[in-house]
Amino acid sequence: MKKISTVCPYCGCGCGLYVHVEKDIITGVSPVRNHPVNKGSLCVKGWNCFEFVQHPGRLKYPLIKKDGVFKKSSWDEALDWTAENLLKVKEKFGPDSIGMLSSAKCTNEENFLMMKFSRAVVGTNNIDHCARLCHSSTVGGLAKAFGSGAMTNSIDEIDSSRVLFVIGSNTTEQHPMIGMHMLDAVDRGATLIVADPRKTQIAEFAKIHLRHRCGTDVALLNGMMNVIINEGLVDLDFVRRRTENFDDFEKIVMRYPLDIAEKITGVPAVDIRRVARIYATEKRSMLFYSMGITQHITGVDNVRSCANLVMLTAHIGLPMTGLNPLRGQNNVQGACDMGALPDVYSGYQKVTDKKARKKFESAWGAKLPSVPGRTLTEMFDAAGGEIRAMYIMGENPVISDPDASHVTEAIKKLDFLVVQDIFMSDTAELASVVLPAVTFAEKDGTFTNTERRVQKLKKAIRPVCGAMPDWRIISELSKRMGYEMEYGATHEIMEEAALLTPSYGGILHHRLNNFGLQWPCPGIDHSGTTFMHRKAFTKGMGSFIPIDFVPPAEPVDGDYPFILTTGRISFHYHTGTMCRRTSTLEREEPDCFVEINPADAESLGIKTHDRLSVSSRRGEIVVNASVTDRTPEGIVFIPFHFREAAVNLITNPALDPTAKIPEYKVCAVNIAPVVPKPDEEGKFFSRRENR
Amino acid sequence: MKNKNKKGLYLPVDAKINDVIDLTPDVKLYKLRKPQSFFYSPGQFVMASIWGAGEVPISITSTSEIHQDIELCIRKAGFVTSALHRLNPGDSIGIRGPLGNRFPFEDAYGKDVLFIAGGIGIAPLRSLINLVIEKRKNFGKIALIYGSKTPTEVLFMPETQNWKENGIDLTLTIDVECKEWECSFGLVTEHINRQSISFESGYAFICGPHVMINAAMHDLSLLGMPAENIITTIEAHMKCGVGKCGHCYSDGRYVCTDGPVFSYAEIREFGMASP
Amino acid sequence: MKDEFVLSKTNLPYWLRQLRKKADLIGPLRSLNGDIIFSSIVNIHEMILDCPASIPSPKEFLFPQKEEMYKFSQKGVNTLNDNGKRIIFGVRSCDISAIALLDRFYGGLLEDDFYMSRRRNTCFISIACNNPDPTCFCSGLGTGPALKTGFDLQFTDLGDRYLVQAGSREGLRMINGFMHLFLLPEKADRDDQYEVLLSSQSIFEKRITLENVRQKILAGKVPDSFWESVASRCFECGGCVYECPLCTCFNVIDWKEKDNKGTRMRLWDTCMFKGFTKMAGNVLPAGKKIMRTKRWYFHKLLYYPEQFGRFGCVGCGRCTITCPGRIDIATIANKLD
Ligand SMILES: Cc1cc2nc3c(=O)[nH]c(=O)nc-3n(C[C@H](O)[C@H](O)[C@H](O)COP(=O)(O)OP(=O)(O)OC[C@H]3O[C@@H](n4cnc5c(N)ncnc54)[C@H](O)[C@@H]3O)c2cc1C
Ligand code: SF4
Ligand code: SF4
Ligand code: FES
């Protein structure tokens with residue numbers, strides 16, 4: 001019996017856990033007691049994160065699709081075939097006809113290799129990953145404001161803060177261990193303020209819960225800042241010494257007096273004023289936000305408004321004081337840091353920056369493209385046209401991307417599609433070749449959690465027969481495409497990444513044993529950074545950016561009278577590839593549901609468990625009703641984990657103009673009860689295998 | 001109840017399916033060859049298992065004194081029961097049991113007996129009804145109220161006529177009025193006070209959906225039946241059937257080993273949760 | 001049966017090394033990040049001997065989180081009883097008390113063969129606790145810091161030597177072949193032992209009397225609004241049940257591979273989930289969190305005493321460490337008492 005210390009593969013909290021192994025079988029997990037994030041706790045996903053690893057459904061050999069059916073193949077055959085086809089496409093249509101999707105579920109090393117593969121081997125900047133769909137607005141928005149888009153503080157600091165302002169984050173369900181620290185802070189007397197249209201669990205502990213209308217965050221924040229400016233609560237010293245562009249910003253904010261803010265957001269003016277006063281006057285105020293802020297056509301605007309607010313009150317640059325975007329996936333922070341984005345190399349060095357490009361060119365011995373590539377959403381739009389082939393590693397865009405049927409159509413138009421995954425996902429079904437990869441328990445590497453903590457992952461068991469770690473697959477493929485990648489182990493990749501990435505300069509595997517290091521960590525003698533923007537912002541002066549309110553892209557109307565907002569639930573994770581193969585999690589929530597307010601339900605004659613059709617201009621799904629006052633009137637909520645009722649068939653693909661993030665959080669829908677067809681029930685039972 | 005399966009508490013034994021009878025579109029009756037030394041009484045159940053699908057608790061609906069085979073009456077309700085429904089004569093079902101306690105029918109010797117069944121609830125009661133008919137002279141008046149949602153859902157229709165001929169005062173009822181039906185209408189509870197049995201001294205055995213059970217128990221006690229004489233079975237999620245897995249636990253009682261048969265008195269005492 | 005010996009600390013590694021030849025020796029190690037974890041011992045000198053707290057509880061060796069029960073295929077069914085020999089060194093008294101109760105639960109007339117097969121092949125060497133954590137409260141429950149019965153071997157650390165008490169035949173057997181390593185205790189040894197016990201009693205920070213809480217609940221003095229406020233803090237992580245050395249619930253699932261091959265296994269399960277009692281047709285007997293919180297507390301505080309004459313809690317403090325909502329048994333008992 002061995003216990004291997006590693007990191008949870010689900011969310012961005014990055015909890016430490018032990019994987020228990022006996023005779024190469026995982027027999028359980030347990031939490032790391034001293035870990036600064038989870039302190040001996042885990043959430044239900046963490047506690048059950050071992051079950052899918054040795055699930056019989058794992059992909060165990062490469063598959064090549066010939067005449068529409070998958071045939072088992074050897075690794076050599078599959079890799080040769082993949083290399084050959086990618087080269088063919090590259091020759092015929094140029095490197096920019098190939099698109100890469102890297103993965104926030106894979107390690108830093110793998111993301112680094114993927115971006116190297118894309119840029120140095122294929123020769124394109126068309127690389128992106130699912131951060132596009134969750135926090136691209138953070139990366140873009142905060143880069144402009146501070147110069148760096150990550151949590152400014154550490155999770156461990158939350159306990160001792162005085163004010164917690166949580167906007168657009170269902171923390172206890174989505175980042176349970178951060179939620180735990182928040183409850184601890186509340187127990188110690190901190191004031192919790194939650195802004196969320198839904199009554200989430202964390203909102204029950206809030207002193208003030210602002211239930212603003214979906215998509216009116218800018219108006220809410222501008223209203224608060226209006227109060228702060230008018231009541232003289234601005235930290236003028238800070239504004240003068242450390243920021244720029246205050247005057248332009250002030251002009252816009254002055255257009256949002258309380259009565260206007262109240263009209264737009266639906267939040268009583270007194271509440272906005274109270275919140276503004278509390279937030280501005282207390283010290284040690286932490287602001288948290290998550291997808292409720294970012295997944296809008298105004299995602300970048302929302303993020304910048306948050307940045308404006310913290311600068312206005314000088315709530316940044318100190319311990320327990322800052323702006324904290326909560327990143328979703330276990331390694332979405334790392335995937336961004338490692339440059340799995342179309343416009344930057346690792347450490348957010350711009351591809352358009354000649355000096356940076358030179359550095360990478362000389363390190364890699366290859367000519368690199370200088371024009372930023374296509375984003376994930378743009379790749380699918382161009383599929384079949386300028387994009388002819390795609391290489392998707394550990395992502396399932398068919399379920400996760402907005403207007404999913406459009407993505408499926410797009411993928412079908414590709415000449416060649418490589419999918420590298422651990423299970424046969426819906427995207428893999430459409431692939432020309434499927435390469436079986438391994439899970440977190442079967443490989444080494446590092447994950448970067450949402451507080452910038454780079455932590456080491458340790459191999460606990462041998463890979464299930466036939467599967468290969470992603471980094472191996474990439475280097476093998478690269479070799480076959482005429483570019484040698486010689487790495488004996490993952491720490492060699494990290495060494496290369498550290499060399500080329502200033503903020504990861506001192507992050508080397510052997511230094512990560514004690515709960516890792518938090519970047520920026522520029523050198524081998526640097527002990528990491530627990531809170532950022534001390535004394536100066538990453539980019540020097542912080543920038544105020546004037547933001548006007550823009551309503552959501554799709555207003556409700558007579559045909560589609562409800563606002564649909566989407567999100568996650570604590571028992572599931574994203575498209576469910578892992579958690580829905582975990583019996584405990586699947587048993588808890590086996591079916592998709594739509595949360596609807598009792599008042600709306602009554603007017604439509606709906607009871608809990610009724611089958612409902614939810615339709616938008618783009619499509620229709622059928623789900624079970626769940627009548628609850630968690631969602632306010634006029635708004636319905638659907639989690640997006642369920643492939644049989646994929647909510648992204650109906651969400652709005654309207655994009656934020658700069659970050660290209662889709663508006664998952666608001667679209668207009670109609671709701672109607674349906675009578676189940678007689679044969680539907682049978683299908684419904686047989687679906688649930690292996691619980 | 002002893003652990004008879006020497007090989008292990010959770011190891012099912014194979015029982016060959018001798019016959020399958022479609023009772024309604026979603027209920028089938030399985031006749032299984034009885035394994036050696038399998039002795040059971042009315043009210044007990046087995047864990048029916050299919051390797052690769054799972055195990056579910058199913059009441060034994062046959063009567064050991066009368067039937068050669070073990071009979072199980074299974075409604076398609078979910079994953080495992082759907083898998084069971086795909087089996088044919090000649091296949092086998094793994095069974096563990098008999099498990100649980102039994103109906104305390106000896107207590108009712110010399111007394112009137114009222115059976116109340118709703119839907120699939122007739123399955124466990126059928127075992128007892130047939131036994132009571134077998135020992136007809138030991139009991140006083142016997143009545144059965146059996147309710148279903150629609151006429152197509154009535155189980156064991158021919159057999160109920162047989163019971164009637166054997167002197168059971170039979171009330172067949174369906175929830176909502178419709179043309180093809182010539183017996184009674186309305187919920188079972190609407191028929192209780194029309195029964196000619198003695199409520200003060202008689203016994204009632206009730207099986208069916210929770211709501212029905214609760215209403216019937218309540219009504220009977222209002223009609224003067226002592227709580228100890230009102231006997232029912234409780235349904236609960238079960239995984240092991242032998243008091244280990246904890247799924248069926250509720251307020252200090254394991255339904256699988258302390259039950260599934262309980263009296264109204266016990267249910268009230270332990271405040272057992274009923275949804 | 002109670003036999004007492006003295007073992008010099010110099011002899012300990014040798015003795016353990018000999019024992020290890022016949023069994024998997026499992027003991028507490030300090031992991032790289034400072035935690036204490038129980039795992040197979042490769043280097044005996046790395047073992048932590050001062051009786052540290054560990055999570056999870058040693059029930060994982062008798063009833064692992066995931067245990068394969070049967071392998072099935074066209075050809076038939078194989079029972080996968082684990083009968084590997086294990087010696088587990090350095091267990092705390094509270095956990096030994098818990099195992100004594102688990103033995104009663106899984107044993108008896110309906111004997112759980114998977115548990116018992118592991119149990120029969122596992123010996124526990126416990127240490128009379130001289131190092132209680134701030135979260136511990138076994139002293140109020142009589143489940144620690146030292147035990148009178150129920151152990152295989154109990155060690156008491158007397159500085160340069162251990163007082164060793166054998167409480168079972170298996171315990172004695174571990175000593176028998178090695179009598180040359182052991183001495184018989186003298187009065188000084190017994191006096192030292194007594195002093196160790198006294199001093200460890202004085203370290204306890206928590207004084208919790210679950211009996212008071214039980215009386216309060218029985219007297220109906222705990223309103224539902226209290227449980228409502230408890231339930232609202234529950235994250236539904238299941239940690240309290242997974243960590244508890246006494247919680248026994250499990251789920252059984254089948255994994256099917258190709259050609260009708262597969263595995264039936266059991267996994268730890270918890271009553272903190274609504275799906276735990278879910279019945280066909282989406283009937284949820286415990287759909288509200290408060291029902292499940294109450295169920296857990298009432299089982300431990302009211303029904304364990306009824307069934308076993310002891311509380312369903314040994315005061316190990318693990319739920320206090322693990323519960324993210326801070327609604328563990330010690331906190332709640334403190335609030336109620
Ligand atoms: C004592 C007893 C006797 C029963 N007798 C009969 C009978 O004679 N005929 C009949 O058709 N049905 C009977 N049932 C109900 C039957 O067990 C459930 O319909 C069946 O378990 C549903 O399983 P599933 O896998 O098809 O459904 P799913 O919804 O897919 O169930 C998943 C799991 O939940 C558990 N489960 C779900 N519902 C129940 C339930 N109601 N009771 C217990 N466990 C459940 C099972 O472990 C099952 O494996 C009985 C139940 C009990 C407790
Ligand atoms: S909080 Fe996130 S990282 Fe921690 S155990 Fe849960 S899913 Fe894993
Ligand atoms: S450990 Fe705490 S939060 Fe988790 S299920 Fe138990 S009571 Fe709830
Ligand atoms: S079914 Fe397992 S304890 Fe009753």
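Residues numbered from 1 in each chain as written. Chains lettered and ligands numbered in written order. Predicted model: local features only at pLDDT ≥ 70, side-chain atom pairs only at ≥ 80, totals over all residues. Heavy atoms only, no water.

Trainee: How should the site of ligand 3 be read in this particular structure?
Mentor: Taken together, the neighbourhood of ligand 3 is formed by Cys234, Phe235, Glu236, Cys237, Gly238, Gly239, Cys240, Met272, Cys323, Pro324 and Ile327 of chain C. Class assignment of the residues belonging to the shell around ligand 3 gives a composition of eight nonpolar, two polar and one charged. (Near = heavy atom within 4 Å. Nonpolar A, V, L, I, M, F, W, Y, C, P; charged D, E, K, R; others polar.)

Trainee: I tried to follow the pattern of salt bridges on my own but got confused; where do I start?
Mentor: Residue and element names in this part refer to chain C. Taken as a whole and assessed by the stated rule, the structure comprises 65 salt bridges over all chains. A salt bridge links Asp160 to Arg161; the nearest nitrogen and oxygen atoms lie 2.9 Å apart. Arg161 is the salt-bridge partner of Asp192, the closest N and O atoms lying 2.8 Å from each other. Remark: Arg161 occurs in strand E9 (residues 161-166) and Asp192 occurs in helix H6 (residues 187-203); sequence separation between them is 31 residues. (Salt bridge = Lys/Arg side-chain N within 4 Å of Asp/Glu carboxyl O. Helix = DSSP H or I, 4+ residues; strand = E, 2+ residues; numbered from the N terminus.)

Trainee: It is not clear to me how the interface of chain A and chain C should be interpreted in this structure. Could you clarify?
Mentor: How big an interface is tends to be stated in terms of the accessible area lost upon association of its parts. In this complex, chain A contributes 56 residues to the contact, which on the side of chain C involves 51 residues. Counting the contacts that link chain A with chain C gives seven salt bridges. Our count for the contact surface shared by chain A and chain C stands at 30 residue pairs in polar contact (both at pLDDT 80 or more). When residues of the side of chain A that touches chain C are traced back to their parent elements, those giving at least two are strand E1 (2-7), strand E2 (16-22), strand E3 (25-31), helix H1 (44-47), helix H7 (176-187) and helix H23 (583-588) of chain A. When grouped by side-chain class, the residues that make up the side of chain A that touches chain C number 22 nonpolar, 20 polar and 14 charged. (Contact = heavy atoms within 4.5 Å. Polar contact = N/O pair within 3.5 Å; in protein donor to acceptor, adjacent residues only side chain to side chain.)

Trainee: Honestly, the pairing of strand E21 (residues 562-567) of chain A in this entry has me stumped. Any pointers?
Mentor: Remember that side chains alternate between the two faces of the sheet whenever the strand is regular. Residue and element names in this part refer to chain A. In terms of residue burial, E21 counts as a mostly covered element, since six of its six residues are buried. Two elements, E21 and strand E28 (residues 667-673), share three bridges in a ladder whose sense is antiparallel. What sits directly across from Phe562, in E28, is Val669. Inspection of the sheet shows E21 paired to strand E25 (residues 635-639) by five bridges, in the parallel sense. Residue pairing across strands places Gly567 opposite Pro639, the latter belonging to E25. (Buried < 20%, exposed > 50% of the residue type's maximum accessible area, 1.4 Å probe, protein only. Pairing = 2+ DSSP bridges.)

Trainee: Got a minute to help me understand the confidence of the model for chain C in this structure?
Mentor: Atomic detail in the predicted coordinates should be set aside for any region of low pLDDT. Of the residues in chain C, 99% have a pLDDT of 70 or more, and the chain-wide mean is 88. For this predicted complex, the interface confidence score (ipTM) comes to 0.92, while the overall pTM stands at 0.91. (pLDDT = per-residue confidence, 0-100.)

Trainee: Just to check I follow, could you spell out the packing of aromatic side chains for this structure?
Mentor: Any two aromatic rings considered together are summarised by their centre-to-centre distance and by the angle between their planes. In the structure shown here, the tally under the stated rule is 44 aromatic pairs over all chains. Pairing Phe246 of chain A with Phe544 of chain A gives two aromatic rings, centres 5.4 Å apart and planes at 75°, and the pair type is edge-to-face. Here Phe246 of chain A, found in helix H10 (residues 246-253), pairs with Phe544 of chain A, found in the loop between strand E20 (542-543) and E21; they are 298 residues apart in sequence, far enough to count as distant. The same class applies to Phe246 of chain A as to Phe544 of chain A, namely buried. Residues Trp15 of chain C and Phe155 of chain C carry aromatic rings whose centres are separated by 5.9 Å and whose planes lie at 25° to one another, so their mutual orientation is stacked. Note that Trp15 of chain C is positioned in helix H1 (residues 12-20) and Phe155 of chain C in strand E8 (residues 153-157), a separation of 140 residues in sequence. Across the pair, exposure class does not vary: Trp15 of chain C and Phe155 of chain C are buried alike. (Phe/Tyr/Trp six-rings, centres within 6.5 Å; stacked < 30°, edge-to-face > 60°.)

Trainee: I'm lost on the site of ligand 2 in this one. Help?
Mentor: Residue and element names in this part refer to chain A. Around ligand 2, the surrounding shell consists of Cys8, Tyr10, Cys11, Cys13, Gly14, Cys15, Leu42, Cys43, Lys45, Gly46, Pro176 and Met177. Put simply, the parts of the chain that give the shell around ligand 2 at least two residues each are H1 and H7. A class-by-class count of the residues in the shell around ligand 2 yields nine nonpolar, two polar and one charged.

Trainee: Sorry, what's going on with the sheet that holds strand E11 (residues 203-207) of chain B here?
Mentor: Strand pairing in a sheet is mediated by backbone hydrogen bonds. Such pairs are either parallel or antiparallel. All names here are of chain B. Strand order in the open sheet formed by seven strands is E10-E9-E8-E7-E11-E12-E15, and the pairing between neighbours is mixed. Looking at which strands have only one partner, the edges of the open sheet turn out to be strand E10 (184-185) and strand E15 (261-263). Bridge analysis of strand E7 (residues 113-118) against E11 gives five bridges, and the strand direction is parallel. Opposite Val113, over in E11, you have Tyr203 as the bridge partner. Strands in contact with helix H2 (residues 122-134) are E7, strand E8 (142-148) and E11; relative to E7, the strand with the most contacts, it is inclined by about 155°. On the sheet, helix H4 (residues 210-222) packs against E7, E11 and strand E12 (230-233) and is oriented at approximately 165° with respect to E11. (Axes fitted to C-alpha atoms, helices over the stretch in contact; angles between N-to-C directions.)

Trainee: I keep staring at the domain arrangement of chain A and nothing clicks. Help me out?
Mentor: Residues and elements named next belong to chain A. When the domains of chain A are assigned, the result is domain 1 (2-54), domain 2 (63-130 + 331-453 + 466-518), domain 3 (136-325) and domain 4 (562-680). Taking the mean C-alpha position of each, domain 1 and domain 4 sit 30 Å from one another. Domain 1 puts eight residues into the contact, and the matching count from domain 4 is 12 residues. Roughly 920 Å² of surface becomes buried between domain 1 and domain 4 when both sides are summed, with 65% attributable to carbon and sulfur atoms. (Domains from an automatic or database assignment. Buried area = accessible area lost by both parts, 1.4 Å probe.)

Trainee: Would you take a moment to explain the nonpolar core for this structure?
Mentor: Taken as a class, soluble globular proteins show a tendency for nonpolar side chains to be buried jointly. Counting residues in hydrophobic clusters, the biggest one holds 175 residues, and the most contacted among them are Ile116 and Leu220 of chain B together with Trp227 of chain C. Of the residues forming this core, the biggest block, nine residues, is contributed by helix H10 (residues 289-308) of chain C. Those residues in contact with Leu220 of chain B, other than ones at most four positions away along the chain, are Leu114, Ile116, Ile192, Phe199, Ala204, Ile206, Met225 and Ile230 of chain B. By size, the runner-up hydrophobic cluster in this structure holds 58 residues, among which are Ile98, Met338, Ile473 and Leu512 of chain A. (Core = buried A, V, L, I, M, F, W, Y, C linked by side-chain atoms within 4.5 Å.)

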